[in-house]
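Coordinate inspection notes
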Amino acid sequence: MTAILKTRDVHLSYAKQEALHGVNLDFDDHSITALIGPSGCGKSTFLRCLNRMNDLIPKTTVTGSFQFHGKDIYAPTTNLVELRKQIGMVFQQPNPFPFSVYENVTYGLKLAGHTNRHYLDEQVERSLKQAAVWDETKDALNKNAMSFSGGQQQRICIARLLAVQPDIILLDEPTSALDPISSAQIETTLLALKKTYCIIIVTHNLQQASRIADRTAFMLNGNLIEDDLTSKMFTKPANQATSDYLNGKFG
Ligand SMILES: Nc1ncnc2c1ncn2[C@@H]1O[C@H](COP(=O)(O)OP(=O)(O)O)[C@@H](O)[C@H]1O
Ligand SMILES: [Mg+2]
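Predicted model, so just to flag it, every value in this text is computed and none were measured.

1. Re the overall build of the protein chain
- When you go through the protein chain residue by residue, the secondary structure sums to 10 helices and 10 strands.
- In terms of C-alpha radius of gyration, the protein chain reaches 18 Å, essentially the compact-globule figure of 18 Å for 251 residues.
- Along the first, second and third principal axes, the C-alpha atoms of the protein chain reach 55 × 40 × 35 Å.
- Expressed as a percentage of the 251 residues in the protein chain, the buried residues total 49%.

The following block contains the structure:
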């Protein structure tokens, strides 16, 4: 396994309040890493550091190193639009644009200057297929994306992100607003996508982490407590706090 992204000594403060206290975590390509831990422990905060979404929150300070393809994500020369294409994010609430499926999926490509209809058609088909929502949308590409079910919308959002060929996909509790069947479809989709991408998912669903993640990282109060192969962490956690959390002693 090769680490595609390496973070070292990550500290983040919102105004004067420090929310991450020195996190070190590596992410392998072609694998799924789950970030788990109780509400407020810093999972979303850490995830947002990885494509600099926290830059959008005023008075936020980030220090540490984030090596991606041998470059620091926080270098002053980083092009944020390019970075967020390479490291795309999916949120808890599906957020398709209020346009057609086709317009959603081609949005990033058009921004990048692509106008060739044949090319766009191909990319729409590839992306919707990769996101496992092609069968449900292929005859409705001109239909408003918001008119689909929550689970379909979430897969359309994944397709929108895949259209621009990212390296890493960040997902922040992508199934917590969905019913069990839609959640299971997203999980199946992610398992197929990991063959091509590095996937990092925040989840507070421990069963979900154990079902899909190759590695799991447990966070508590802004610290990374441990990270390991999921199979190892769920059977023989190294740390008592991890064991207590996995056993439901606190949540
Ligand atoms: N935009 C923000 N401004 C100030 N504090 C924040 C902001 N977002 C999160 N926090 C705080 O940072 C800590 C970590 O939150 P968060 O990363 O959302 O945790 P999690 O995703 O694990 O539930 C919490 O104490 C939370 O209140
Ligand atoms: Mg969160």
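2. Description of the site of ligand 1
- Around ligand 1 sit Tyr 14, Ala 19, Pro 38, Ser 39, Gly 40, Cys 41, Gly 42, Lys 43, Ser 44, Thr 45, Arg 48 and Ile 57, and that is every residue in its neighbourhood.
- The separation between an oxygen atom of ligand 1 and a polar main-chain atom of Gly 42 is 3.0 Å.
- Bound to the protein, ligand 1 loses 58% of the 560 Å² it would expose on its own.
- Considering every element that reaches the shell around ligand 1, the biggest residue donor is helix 1 (residues 43–49), with 4 residues.
- Among the residues forming the shell around ligand 1, the class breakdown is 5 nonpolar, 5 polar and 2 charged.

3. Quick look at the nonpolar core
- If you look at the biggest cluster of nonpolar residues, it comprises 43 residues, and the most contacted ones within it are Leu 128 and Leu 190.
- Looking at which element gives the most residues to this core, the answer is helix 6 (residues 150–162), with 5 residues.
- Counting 30 residues, the second-largest nonpolar core is a separate cluster that includes Cys 41, Leu 50, Ile 200 and Val 202.

4. Let's talk about the sheet that holds strand 1 (residues 3–14)
- Judged by pairing direction, the sheet is antiparallel, and its 4 strands sit side by side in the order 2-1-4-5 without closing on themselves. Pairing within the sheet leaves two strands with one partner each, and these edge strands are strand 2 (17–28) and strand 5 (71–72).
- Relative to strand 4 (residues 60–68), strand 1 is paired through 8 bridges, and the arrangement is antiparallel. When the bridges of strand 4 are listed, His 11 appears paired with Thr 63.

Conventions and cut-offs
Residues numbered from 1 in each chain as written. Chains lettered and ligands numbered in written order. Predicted model: local features only at pLDDT ≥ 70, side-chain atom pairs only at ≥ 80, totals over all residues. Heavy atoms only, no water. Helix = DSSP H or I, 4+ residues; strand = E, 2+ residues; numbered from the N terminus. Rg over C-alpha atoms; globule rule 2.2 N^0.38 Å. Buried < 20%, exposed > 50% of the residue type's maximum accessible area, 1.4 Å probe, protein only. Near = heavy atom within 4 Å. Polar contact = N/O pair within 3.5 Å; in protein donor to acceptor, adjacent residues only side chain to side chain. Areas by Shrake-Rupley, 256 points an atom, 1.4 Å probe, with all protein chains shown as cover. Nonpolar A, V, L, I, M, F, W, Y, C, P; charged D, E, K, R; others polar. Core = buried A, V, L, I, M, F, W, Y, C linked by side-chain atoms within 4.5 Å. Pairing = 2+ DSSP bridges.

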